[in-house]
Amino acid sequence: MKLIELAKEARERAYAPYSGFSVGAALLAGSGKVYTGCNIENASFSPTLCAERAAFAKAISEGETSFLSIAVVGGKRGEKADRPCPPCGVCRQFMREFCKDDFTVLFSEGESVRTLTLRELLPYAFGEQMK
Ligand code: THU
């Protein structure tokens, strides 16, 4: 199944009672395995976990060390997720820790899919090489 379709499936499992905005992600690792994630909110708001980081946490904790691509879909609960849902700044920085500049992020845009690289989404990023 396509990465975008897997992200849509994962979105159905979002726990988002506070924002009503459900997000799904599907992350393709170098091993060929796909790890999905959904957003998981909290009554105390700040512990809320984005779908992208939920997918990465699953993959990294299973031993994955290289990543090729992630699909992200989001929208109001119960509505179609056909407008782009770009990763938040925290997720971009999180990805930067584990992914190369040519890692790709896929978004739904109507019936088509837009692809951007992490370099495009997070230019001039802070990283380990600066320390
Ligand atoms: N959200 C994500 O899951 N990923 C993002 O990159 C942006 C925001 C979630 C967090 C929160 O549960 C809801 O969307 C509204 O901000």
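Since we're looking at a predicted model, the values are computed, not measured.

Caption draft 1: Region of the structure containing the pattern of salt bridges. Within the structure shown, the criterion is met by four salt bridges. Ionic pairing is found between glutamate 111 and lysine 80, a salt bridge with its closest N-O pair at 3.7 Å. Of this pair, glutamate 111 sits in the loop between β4 (104-109) and β5 (112-117) while lysine 80 sits in the loop between β3 (67-76) and α3 (89-98), placing them 31 residues apart in sequence. By the burial criterion, glutamate 111 is exposed, and lysine 80 matches it. The salt bridge involving arginine 119 is made with aspartate 101; its shortest N-O contact spans 3.8 Å. In this pair, arginine 119 is assigned in helix α4 (residues 118-121) and aspartate 101 in the loop between α3 and β4, connecting sequence segments 18 residues apart.

Caption draft 2: Main features of the pairing of strand β1 (residues 21-29). Counting buried positions over the nine residues of β1 gives seven, a clear majority of the element. One ladder, built from five bridges, connects β1 with strand β2 (residues 34-38); its direction is antiparallel. Looking at β2, one finds that leucine 28 is bridged to valine 34. Connecting β1 to the antiparallel partner β2 that follows it, the hairpin turn spans four residues, and glycine 32 within it adopts a positive phi of roughly 100°.

Caption draft 3: Inspection of the side chain of arginine 96 at higher detail. With respect to the secondary-structure elements, arginine 96 resides in helix α3. Buried and unpaired, arginine 96 has no salt bridge, with aspartate 101 as the nearest side chain of opposite charge at 4.4 Å. Those residues in contact with arginine 96 that lie beyond four places of it in its chain are Asp101, Leu118, Leu122, Ala125, Phe126 and Gln129.

Caption draft 4: Local environment of the packing of aromatic side chains. Applying the stated criterion across every chain yields a total of five aromatic pairs. Measuring from ring centre to ring centre gives 6.1 Å for phenylalanine 56 and phenylalanine 103, while their planes differ by 50°; the resulting arrangement is tilted. Placement of the pair is phenylalanine 56 in helix α2 (residues 51-61) and phenylalanine 103 in the loop between α3 and β4, with a sequence separation of 47 residues. You'll find phenylalanine 56 and phenylalanine 103 in the same group, each marked buried. Each residue in the set Phe56, Phe67, Phe94, Phe98 and Phe103 is aromatic and connected to the rest through ring pairs, giving one cluster.

What counts, and at which threshold
- Residues numbered from 1 in each chain as written.
- Predicted model: local features only at pLDDT ≥ 70, side-chain atom pairs only at ≥ 80, totals over all residues.
- Heavy atoms only, no water.
- Salt bridge = Lys/Arg side-chain N within 4 Å of Asp/Glu carboxyl O.
- Helix = DSSP H or I, 4+ residues; strand = E, 2+ residues; numbered from the N terminus.
- Buried < 20%, exposed > 50% of the residue type's maximum accessible area, 1.4 Å probe, protein only.
- Pairing = 2+ DSSP bridges.
- Lys, Arg positive; Asp, Glu negative; His and termini not counted.
- Contact = heavy atoms within 4.5 Å.
- Phe/Tyr/Trp six-rings, centres within 6.5 Å; stacked < 30°, edge-to-face > 60°.

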